[in-house]
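Structural characterization, general
Next come the chains, spelled out residue by residue.
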Amino acid sequence: FEQLCINFSNERLQHRYVLDNFRAVKEEYTAEGIDIFDFSMVDNSGVLKLLEGKLGLITSLNEECMRPQGNPGSFVYKLKMLHSDSKHLLVDRLQEHCEFGISHFAGAVTYDATEFLKSNADLTPK
């Protein structure tokens, strides 16, 4: 879970960097009639949509934590069903029922969601 949070933060930083640098340069070059490289190579908005979109991973995880019978297998199943068309969600038949992969900007990562609900529960200390 912690690695997913770190990778999510990195995706946000990458997106901010792209917005601040490449888009401004692209607009300037386009206005001057200069050809520029394919911007989609550095655009990670698809990964962010998978992670934080309306029905993204974070929302699904929070919803599964709220369910009395919520479990990691159900969370991963819903994630795979909701995002079956996403090129950023990596589904492999050899994965365990609590595993899924994400094609991050920096590369593919496989996650084991066994402890995700427990880590995301936000329980207050007693």
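This text gives an overview of the structure that appears in the document. (Residues numbered from 1 in each chain as written. Predicted model: local features only at pLDDT ≥ 70, side-chain atom pairs only at ≥ 80, totals over all residues. Heavy atoms only, no water.)

This brings us to the overall build of the protein chain. Check the secondary structure of the protein chain and you find five helices and three strands. Going residue by residue from the N terminus, the α and β elements of the protein chain occur as α-α-α-α-β-β-β-α. Computed over C-alpha atoms, the radius of gyration of the protein chain comes to 17 Å, more than 25% over the 14 Å expected from 2.2 N^0.38 for 126 residues, which places it beyond the range of a compact globule. Summarising its shape, the C-alpha atoms of the protein chain cover approximately 60 × 40 × 20 Å along the three principal directions. In the protein chain, which comprises 126 residues, the proportion classed as buried is 33%. Counting only contacts in the protein chain whose residues sit at least 6 apart along the sequence, the fraction spanning at least 24 positions is 51%. Between the mean site of the 13 positive side-chain charges and the mean site of the 19 negative ones, the protein chain shows a separation of 7 Å. (Helix = DSSP H or I, 4+ residues; strand = E, 2+ residues; numbered from the N terminus. Rg over C-alpha atoms; globule rule 2.2 N^0.38 Å. Buried < 20%, exposed > 50% of the residue type's maximum accessible area, 1.4 Å probe, protein only. Contact = heavy atoms within 4.5 Å. Lys, Arg positive; Asp, Glu negative; His and termini not counted. Charge placed at Lys NZ, Arg CZ, Asp CG, Glu CD.)

A few words now on the pattern of salt bridges. Inspection of every chain in the model, using the stated rule, returns five salt bridges. As a salt-bridge pair, Glu 52 and Arg 12 come within 2.5 Å of each other at their nearest N and O atoms. Here Glu 52 is found in helix H2 (residues 45-52), whereas its partner Arg 12 is found in helix H1 (residues 2-32), with 40 residues between them in sequence. We classify Glu 52 as partly exposed; its relative accessible area is 33%. (Salt bridge = Lys/Arg side-chain N within 4 Å of Asp/Glu carboxyl O.)

Strand order in the open sheet made by the three strands is E1-E2-E3, with antiparallel pairing throughout. The sheet terminates laterally at strand E1 (89-90) and strand E3 (107-112), the two strands that pair on one side only. Examined bridge by bridge, E1 and strand E2 (residues 99-104) share two bridges and lie antiparallel to one another. Looking at the pairing, Leu 90 lines up with Gly 101 of E2. Those strands touched by H1 are E2 and E3, and its axis lies near 150° from that of E3. (Pairing = 2+ DSSP bridges. Axes fitted to C-alpha atoms, helices over the stretch in contact; angles between N-to-C directions.)

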